[in-house]
Amino acid sequence: MDISPKVRLFVDVPLAVGAPVALEQSQAHYLLHVMRAEIGTPVALFNGQDGEWAARLTATSKRGATLVADRQLRLQQPEPDLWLLFAPVKRARIDIIVEKATELGVSALFPVFTRHTAMTRVNEERLRAIAQEAAEQCERLSVPTVQTAGPLDGLLAGWQGDRRLILLDEGGGGRPIAEALAGQTGGPAAILVGPEGGFAKSELDALRRLSFACPVGLGPRILRADTAVIAALSCYQAMCGDWRTPSGVRS
Ligand code: SAH
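Here we summarise the structure given alongside this text. (Residues numbered from 1 in each chain as written. Predicted model: local features only at pLDDT ≥ 70, side-chain atom pairs only at ≥ 80, totals over all residues. Heavy atoms only, no water.)

What follows covers the sheet that holds strand S2 (residues 20-22). The strand order S1-S3-S4-S5-S2 describes an open sheet built from five strands, whose pairing is mixed. Whereas interior strands pair on both sides, the edge strands pair on one side only; in this sheet they are strand S1 (7-10) and S2. Along the sheet, successive strands turn relative to each other by an average axial angle of 40°, direction set aside. Bridge count for strand S3 (residues 42-46) against strand S4 (residues 52-60) is five bridges, and the pairing is antiparallel. (Pairing = 2+ DSSP bridges. Helix = DSSP H or I, 4+ residues; strand = E, 2+ residues; numbered from the N terminus. Axes fitted to C-alpha atoms, helices over the stretch in contact; angles between N-to-C directions.)

Right, here's the structure in full:
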């Protein structure tokens, strides 16, 4: 009988042998009514700290469900310290940015307001739910944090200089990304993508002058912000990040 879990859930509680895990309402609903789990159904759990665990459903109530963790399936692994700074864009595209950045292994997402950012508000809670669902689906052992949206200037004012800022520079002011990343290995990094309206000229000039900034180009075509995010993260992971590990994903 195949008892490998089909459902994988992030839970914000410690995981250890025999640890009981009470699911919140939406996860219980998903498990019981969408996946039709029954008492004894195996479920994989992760919490961003204790690796991945095999658990089973032990109790249900009208609105809730309780699991018990049985054994560890995977150890927690170190992950790239890679942030994504992105100007909020329209709903469908911002959802894509968060989902794809999660699959591509960013550790933190920062919605930042730039001069030409059209959106004025961000629903961080909704973005957190998207990140969590993407992490559950892609077998990550962590969920990236979604920071509160704020002005780009403010974030850069408090920047720690040892974190390289890879600036996606649509103005042609940067080196080709593969050339800029060649020979770099890991270390704290952040990728910054502009809004659909692009960076303002003066803003781009100021960004290029930052000592920790590394302006890069993604070829001769102007990409949509969500495409630029996917392209840049793919290059980074392949050249400096965790795509360099043989066999890739899982132990
Ligand atoms: N409206 C702008 C384009 C903005 S594209 C214009 O026409 O100039 C949105 C963002 O994606 C840009 O701010 C930049 O960060 C990134 N981007 C798009 N194409 C790029 C390219 N070829 N090289 C580097 N960055 C790019």
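The next subject is the site of the ligand. Neighbouring residues of the ligand: 18 residues in total, closest Leu 168, Glu 196, Leu 218, Arg 221 and Leu 223. Within the contact set of the ligand, an oxygen atom lies 3.0 Å away from a side-chain nitrogen or oxygen of Glu 170. One of the backbone nitrogen or oxygen atoms of Glu 196 is found 2.8 Å away from a nitrogen atom of the ligand. Burial of the ligand by the protein chains amounts to 84% of its free accessible area of 560 Å². Taken together, the residues of the shell around the ligand break down into nine nonpolar, five polar and four charged. (Near = heavy atom within 4 Å. Polar contact = N/O pair within 3.5 Å; in protein donor to acceptor, adjacent residues only side chain to side chain. Areas by Shrake-Rupley, 256 points an atom, 1.4 Å probe, with all protein chains shown as cover. Nonpolar A, V, L, I, M, F, W, Y, C, P; charged D, E, K, R; others polar.)

In short, the description is geometric, and any link to function would need to be established separately.
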